[in-house]
Amino acid sequence: MVRFMKRVSKKVGLSPGTLVHIGEKKTEQVRIRIIDFDDQHIEERDLGAIEECFPYKDTLGTSWINIDGLHEISVIEKIGQHFNLHPLVLEDILNTDQRPKMDDHEEYAFLTLKMLTYDDGDHQLKMENVSLILGSTFVITFQEVEGDIFASVRERLRKAKGRIRKGGTDYLAYALIDAIVDHYFVVLEKIGDEVETMEEELVTRPSPETLQLIHHLKRELIFLRKSVWPLREVIGAIERGELALIQEKTTIFFRDVYDHTIQVIDTVETLRDMVSGMLDIYLSSISNRMNEVMKVLTIIATIFIPLTFIAGIYGMNFKYMPELEWHWSYPLLWILMFAIFVVMLFYFRRKKWL
Amino acid sequence: MVRFMKRVSKKVGLSPGTLVHIGEKKTEQVRIRIIDFDDQHIEERDLGAIEECFPYKDTLGTSWINIDGLHEISVIEKIGQHFNLHPLVLEDILNTDQRPKMDDHEEYAFLTLKMLTYDDGDHQLKMENVSLILGSTFVITFQEVEGDIFASVRERLRKAKGRIRKGGTDYLAYALIDAIVDHYFVVLEKIGDEVETMEEELVTRPSPETLQLIHHLKRELIFLRKSVWPLREVIGAIERGELALIQEKTTIFFRDVYDHTIQVIDTVETLRDMVSGMLDIYLSSISNRMNEVMKVLTIIATIFIPLTFIAGIYGMNFKYMPELEWHWSYPLLWILMFAIFVVMLFYFRRKKWL
Amino acid sequence: MVRFMKRVSKKVGLSPGTLVHIGEKKTEQVRIRIIDFDDQHIEERDLGAIEECFPYKDTLGTSWINIDGLHEISVIEKIGQHFNLHPLVLEDILNTDQRPKMDDHEEYAFLTLKMLTYDDGDHQLKMENVSLILGSTFVITFQEVEGDIFASVRERLRKAKGRIRKGGTDYLAYALIDAIVDHYFVVLEKIGDEVETMEEELVTRPSPETLQLIHHLKRELIFLRKSVWPLREVIGAIERGELALIQEKTTIFFRDVYDHTIQVIDTVETLRDMVSGMLDIYLSSISNRMNEVMKVLTIIATIFIPLTFIAGIYGMNFKYMPELEWHWSYPLLWILMFAIFVVMLFYFRRKKWL
Amino acid sequence: MVRFMKRVSKKVGLSPGTLVHIGEKKTEQVRIRIIDFDDQHIEERDLGAIEECFPYKDTLGTSWINIDGLHEISVIEKIGQHFNLHPLVLEDILNTDQRPKMDDHEEYAFLTLKMLTYDDGDHQLKMENVSLILGSTFVITFQEVEGDIFASVRERLRKAKGRIRKGGTDYLAYALIDAIVDHYFVVLEKIGDEVETMEEELVTRPSPETLQLIHHLKRELIFLRKSVWPLREVIGAIERGELALIQEKTTIFFRDVYDHTIQVIDTVETLRDMVSGMLDIYLSSISNRMNEVMKVLTIIATIFIPLTFIAGIYGMNFKYMPELEWHWSYPLLWILMFAIFVVMLFYFRRKKWL
Amino acid sequence: MVRFMKRVSKKVGLSPGTLVHIGEKKTEQVRIRIIDFDDQHIEERDLGAIEECFPYKDTLGTSWINIDGLHEISVIEKIGQHFNLHPLVLEDILNTDQRPKMDDHEEYAFLTLKMLTYDDGDHQLKMENVSLILGSTFVITFQEVEGDIFASVRERLRKAKGRIRKGGTDYLAYALIDAIVDHYFVVLEKIGDEVETMEEELVTRPSPETLQLIHHLKRELIFLRKSVWPLREVIGAIERGELALIQEKTTIFFRDVYDHTIQVIDTVETLRDMVSGMLDIYLSSISNRMNEVMKVLTIIATIFIPLTFIAGIYGMNFKYMPELEWHWSYPLLWILMFAIFVVMLFYFRRKKWL
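The shown structure was predicted, so the numbers you read here are calculated from the model rather than taken from an experiment.

The next thing to look at is the overall build of chain A. Counting its secondary structure elements, chain A contains eight helices and seven strands. For 354 residues, the compact-globule formula gives about 20 Å, and the C-alpha radius of gyration of chain A, at 34 Å, lies well above that figure. Along the first, second and third principal axes, the C-alpha set of chain A runs to 120 × 45 × 30 Å. Looking at chain A residue by residue over its 354 residues, the buried ones come to 61%. Long-range contacts, defined as pairs at least 24 residues apart, comprise 68% of the intrachain contacts of chain A with a sequence gap of at least 6. Per element, the accessible surface of chain A, about 14000 Å² overall, is 54% carbon and sulfur. Averaging the positions of the 42 positive and the 54 negative side-chain charges in chain A gives two centres separated by 6 Å.

Okay, here's the thing in structure tokens:
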């Protein structure tokens, strides 16, 4: 089974809206955290049960409910009921193979994105699905594992940095999406570093391992591309103001995220071009080497095969071979051989093989 | 004749609307089944003759007529007359080489899709045409063989699971299309598994058979792609609400199918990229090996050809060869040969061939 | 001069509308046939002179004038005058290198299409230009040679099959265009058969001739593609109702032709992909074989070159070579050689060359 | 410096509208010719000074001023002042590296096109810029050298052939543009001839020179494509009626030119595909040959290396070699060798190398 | 880390609008220059502190503030406050990895472009970000280093050449952008020169170094392309009049810049095609050479291996070898060998290897 393709087949034949968790169970326990804030106050706590977050739906301030871990379907179901979410939305939250998309359900909007990390050790791209429900007074985020990607947003909330405490749910949503997209640059930089290292290796000491790595990287970039392209549409739609829940003054920030997305896509394409170019370099360097190996073989063989033949001639045991008796035969033969050798060298030099 | 291209030529020269079954006869007998249901009741039975289904056209409930087997043209003809279908629609139902498409005929809509299965045994994609007539009170489906793909829909109808019994003909149509598209994921997973297996083989023991399989898979993906792309337009048009027979509240479900279609297309493209990449890996690994083979040959030949030449020299039978008489000639020659051997090794090491 | 490019240069510098026949003269005599029909009657005859068809312009029924052979410019000129055709239209009729296109001149519409045939014998695509003038009471068709492609339409007219006698000029135009497009499937099937045969050959006995055929087919598909793509626009425009002369009820039939055109294009693209894939298969199979040839050479050479060297050593004629005198030298040497042979075999097996 | 890229850098840093002639000076003297005509009369003369053409601006008839040679900037400047042309237009006229384009300046329109010729001798495409100012009573054309491309238009003017004398400035502009585009077919035919010749050569006697020519032609087609594509937009815009100066009845003629342009583009793309295909043929034929060379070498070496080894064995000088003494050794050895030879042949035949 | 990708990751987790300088510090000190001018007067001076430029915001004339060096964030911050710029704009000014773009903020417009230079020495493209704030009375430009690219604009301002002193801020912005885009032609010419040189080298003396250079140039063109494509949208938007700050009479000048941009893109694509073509030439010339080397080896080996075998036969020491005793054996053997030699030559000639 190809990594990044998940067993969606277990859902086949089920009624739409039937909740099935698709993907691995990456965390032991579901962790629910809430941050409720407005301009003046901030309240942050871990919830024992999902029901505890329900009252926050109707508070005046902005409530951000973050859920880490998707394998307890009952949690998702209860949220769905209380916040009045469409069954298909719940299904999409649980499907970690979901393509990035944005659905506008008027009272709330549903967004799902890919969170990426790159593991330098085994040169592997890891993907995690992040879903986000944006309501007028609340934002709910769903992550597969407890990650630290939103830590900086939390920090800014606590310290009331920038406009984040005054910005409402749409600005909070922006801050969260921005955090995810910003993280793509970290991944791209890591891959960029690998490309750089590989390039040097290609020049100094190319090996089949380098080739393997090139092919591997090429593949990772295929996957990266697949997760990044749909983002363009999603954020582009928000930037064009297609989402009523996003206030106009926040749109400019989404335009910024959109620019970043375009830049991420550009960089992915550039990296793809570069890696393809490296494959060409590798192959043409192999061709070059083979050519050189062939030349050495040919030069040696072409010089010595005729000489060996001559030596063979005078190694024959015929009774009547006049040359064998002559006194100067042996030194003359050396001269002949040397002459052949010199002629050959000239020939190769004219052919530019030497 | 290329598989997947069917002998359409037998229709050439016929009047449009002339009914000819294009494709193989895949089933012995035509089977006609009807399910008539509404919120409260459900009636399911096998029909002996097509005429028995006519009364259901005007019942209040939703009637789903399913026909397995297309080779009895009279059956199709009678349906056409009773349900007032355009002759071109009947022609398209019978043409199993039909490209996926959707035609809106106001009173009814005509849809035709490809049903896919993948046979692990001979690594072959099988295709079957499924047509669907959507009226305001009835849905008629046409399959080439009696398949089990709609079994889950039937089950949900019987058990009144989800909204399927309350949803009307448009929701039923959605459920049927969804069942087909969901099945694509099963096919993609199987191909994904093959790709995975092939990749391992490519690393551990590449063989011309692997290459054959890569080429074969590449071809199957060409066909897969050809049947999946048109789906996008078809379902996209429904999702955008271009079909008056689809109620607005059902549109959201078609948006879900549309997302799945996009994901299927994405996955097909990714698999294509991966299989192309595997071809590159195979070819560059062959180049690598050839290079290595050449090196071994060259090293052996380059070392021994000159040495053999020297041995040849002293195998000559000239009468006057002073070296032959000297006492230390033989051991000195061994030393000379060893020196040549060492010099060669250094040369190859400097060239990084060893 | 590339086949399919015709000497258009002889027209350079002429006034637009100057009538010059571009293409070969493919038939000896110009043949003019007329079929005049309505719901009730049908009249069919061969005309001696073009002037005889003029009265039919204003009859109530539908008149179909068919002209086979384009080299008698005066015929075209007279038609142009009587039916009031634009000089550029006449120019296009005579230019058999014309790209498929449709021009709406309000009182009449001008269509030009490519008629294709495939010659299995020399694997060559043959192209013929077919032009069609659609008026409200007449249809005029121009063919390069007397072909049998419209025979089925004539037959249906005579037998009053389907709606063809009641359909007016637009339905007649549809029937003629449909006949042309349907014929494409015949060509595609023939090419499909060739592809199939070639594939088998590629597996069982690949030869440079197969390669030649692949390249040839690839080229024929380039030409096929070039003539088929513009068709899409032409028929698409009619289907969208851009031509006032086509009644709305006929539009649905053009939608059917449009679907066929798309399918033709799809199939051409698929065949192109397949032929490209076959080229890859051929080239990688050559690489495979070369690799294998190299291995055999290397194994033989690597085993025997050192052994021959050893034999050479003991073929030397030095006076003082102690081994030569020993009693067990010869059998020991055989043992040594056998040991080298075995070591080599192990080495090759470890390298997976055997 | 790549041919077709001209030293635009000498303009860098200058004020826009500063007149600098970019390109080579291809003609010695600037030649100015005027043809003033209407339905009834025609006046044609060579002008000594540019000022002489100024009165024609306001005559009732149509005036066509043709200027051959761009290097005398003062001429261009004076025309600009008198005919009230925008400085940027003058700049573009002088820049022979200008991309084909059309600018509508309300009172006049500015068009610039590429005039192409193909030199069979050195297989080189030559490009020349042709600019055209279209006013309501005058047309001004600028050419780099005195060419004969407009000779046919002049001839038609003189002989009052077709509608050219009655057509006004827009029809004259059409006739001139048509003359240029028609000439493209001449160039394409010449290249087509070369392609044809090359193809034959490729089959009968492929050589590195053929390869060079293929690469050369490929490059020429890149340039051809670069100059032809923008034409599509330019003439397409006129055909769609975006230029107020073109009367509606003339539009149909531009539609004809547009069709020709599309056909030119189609042909260029087809030629590109064909030339790429030829490269593939060449490379695969080289692979084929290399494979064959390798086979011959391998067969010879694999047969004789073991035999030579055996001969070497019995050339050794050991004192105690029993076989040497036996009477039938020599004939038996010949039989053994022949057996090895036969076995080898069978092996190669089974491998299909023979 | 790949050149052209800058460490954006240091911004990850920061609040949007937090000012961080991304890129290298390329200059020691920030230099601030102002030119204030109108039709009548011009004032030009270097400012010690950024505050000195504030009064110019409200002068009647046009003020152009140029800032070289981005590393002093306080300078950017103060400008931002005084000129009322959005924090995201300031962030983009400081991010030298920014993609070319244009943002309309109603009171002012923000543009950012890439300034390119090409270093012939190390064949490297250098990139610098240039940002531009266009207000109704002021233009502010930000450069990474003190460059001479705007020198010509300054000169024209001083000398009141052309319409630059009368044109207002929008014309000034045009002049500045035009200066940047014009400079691209200089870069393209330099690359064009390299391509030309490389081509000659490829024909006269191809070497792995040429290959390296081809790959290098291919990569530089990837980067060039990446920076040039977005320009098209940016300037296209201005040309279409989407920016209210640009007066209509200035739009025509932007159309000119737009044409240049298209031409730059065209040229980049053509250069890419050419460099790709060169890679093909190199690889096919290597194939050719390898083929030739193989032929020489095969000819020599195929001729001499059988001859050596024959010599080996008669070097054997069997007691009973009748040929050894015959008187004419030796000369006959020479004749036999010569015959074999001649036959081989004929064979090779028939195979066209000689």
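Next comes the rest of the description.
The next point concerns the interface of chain A and chain B. On the side of chain B, 62 residues touch chain A, which itself brings 66 residues to the contact. Interface of chain A and chain B: buried area, both sides summed, is about 5700 Å²; carbon and sulfur atoms make up 62% of it. For the pair chain A and chain B, the interface holds seven salt bridges. One salt bridge connects Lys351 of chain B with Glu292 of chain A, and the closest N-O pair in it is separated by 2.9 Å. Put simply, chain A and chain B have 16 residue pairs in polar contact (both at pLDDT 80 or more) between them. Mapped by element, the contributors of at least two residues to the side of chain A that touches chain B are α2 (87–94), β4 (101–104), α5 (208–239), α6 (248–313), α7 (322–325) and α8 (329–350) of chain A. The dominant element in the side of chain A that touches chain B, judged by the number of residues it contributes, is α6 of chain A, at 18 residues. For the side of chain A that touches chain B, a count of residues per class yields 35 nonpolar, 13 polar and 18 charged.

This part takes up a negative patch on the surface. Residues Asp104, Glu106 and Glu107 of chain A together with Glu248 of chain B make up a contiguous surface patch of negative charge. Mapped onto the fold, Glu106 of chain A is located in the loop between β4 and β5 (109–119). Residue class for Glu106 of chain A comes out exposed when judged on its relative accessible area of 72%.

Attention now goes to the relation of the copies chain D and chain E. Here chain D sits on chain E after a turn of 72° about the axis and a move of 0.1 Å along it, with an RMSD of 0.1 Å. What we have between these two chains is a five-fold relation. Considering only C-alpha atoms, the part of chain D nearest the rotation axis is Gly315 of chain D, at 4.6 Å. The residues that chain D uses at the interface reappear at the interface of chain E in only 13% of cases, marking distinct surfaces.

Here we come to the relation of the copies chain A and chain B. In screw terms, the move from chain A to chain B is a rotation of 72° and a rise of 0.1 Å along the axis, fitting with an RMSD of 0.1 Å. By residue overlap, the copies meet through two different surfaces: only 14% of the interface positions of chain A are interface positions in chain B.

Right, let's get into helix α6 (residues 248–313) of chain D. In an α-helix there are 3.6 residues to a turn, and that puts residues three or four apart on one side. Across its 66 residues, α6 of chain D extends 97 Å between first and last C-alpha, which sits within 8% of the 98 Å expected from 1.5 Å per residue. Judged by how many residues are buried, α6 of chain D sits mostly within the fold: 51 of 66 residues are covered.

Residue and element names in this part refer to chain A. Applying the stated criterion across every chain, the model contains 70 aromatic pairs over all chains. When the ring of Tyr171 is compared with that of Phe253, the centres are 5.2 Å apart and the planes differ by 85°; the resulting orientation is edge-to-face. Within this pair, whereas Tyr171 is found in helix α4 (residues 168–204), its partner Phe253 is found in helix α6, the two being separated by 82 residues in sequence. The two residues Tyr171 and Phe253 agree in class, both being buried. Grouped by ring-pair contacts, the aromatic residues Tyr171, Tyr174, Phe253 and Phe254 constitute a single cluster.

Another point: the environment of Ala179 of chain D. All names here are of chain D. Within the secondary structure, Ala179 is located in helix α4 (residues 168–204). Expressed as a C-alpha distance, the spacing of Ala179 and Ile149, which sit 30 residues apart in the sequence, is 6.8 Å. When near neighbours in sequence (up to four residues on either side) are disregarded, Ala179 contacts Ile149, Phe150 and Val153.

A few words on the sheet that holds strand β4 (residues 101–104) of chain D. Residues and elements named next belong to chain D. Taken in spatial order, the seven strands line up as β2-β1-β3-β7-β6-β5-β4 in an open sheet, and their pairing is mixed. Edge positions in the sheet fall to β2 (42–47) and β4, since each has one partner strand and no second. Each neighbouring strand pair of the sheet contributes to a mean axis angle of 15°, computed without reference to strand direction. By the bridge criterion, four bridges tie β4 to strand β5 (residues 109–119) in an arrangement that is antiparallel. Note on β5: the bridge partner recorded for Asp103 is Phe110. Of the strands in this sheet, β1 (31–37), β3 (62–68), β5, β6 (124–134) and β7 (138–143) touch α4, which is tilted by about 25° from β5.

Reading guide: rules and limits
Residues numbered from 1 in each chain as written. Chains lettered and ligands numbered in written order. Predicted model: local features only at pLDDT ≥ 70, side-chain atom pairs only at ≥ 80, totals over all residues. Heavy atoms only, no water. Helix = DSSP H or I, 4+ residues; strand = E, 2+ residues; numbered from the N terminus. Rg over C-alpha atoms; globule rule 2.2 N^0.38 Å. Buried < 20%, exposed > 50% of the residue type's maximum accessible area, 1.4 Å probe, protein only. Contact = heavy atoms within 4.5 Å. Areas by Shrake-Rupley, 256 points an atom, 1.4 Å probe, with all protein chains shown as cover. Lys, Arg positive; Asp, Glu negative; His and termini not counted. Charge placed at Lys NZ, Arg CZ, Asp CG, Glu CD. Buried area = accessible area lost by both parts, 1.4 Å probe. Salt bridge = Lys/Arg side-chain N within 4 Å of Asp/Glu carboxyl O. Polar contact = N/O pair within 3.5 Å; in protein donor to acceptor, adjacent residues only side chain to side chain. Nonpolar A, V, L, I, M, F, W, Y, C, P; charged D, E, K, R; others polar. Patch = residues over 30% accessible without salt bridge, like charges linked within 9 Å, V, L, I, M, F, W, Y side chains within 5 Å. Least-squares fit on C-alpha atoms with pLDDT ≥ 70 in both. Expected span 1.5 Å × (residues − 1). Phe/Tyr/Trp six-rings, centres within 6.5 Å; stacked < 30°, edge-to-face > 60°. Pairing = 2+ DSSP bridges. Axes fitted to C-alpha atoms, helices over the stretch in contact; angles between N-to-C directions.

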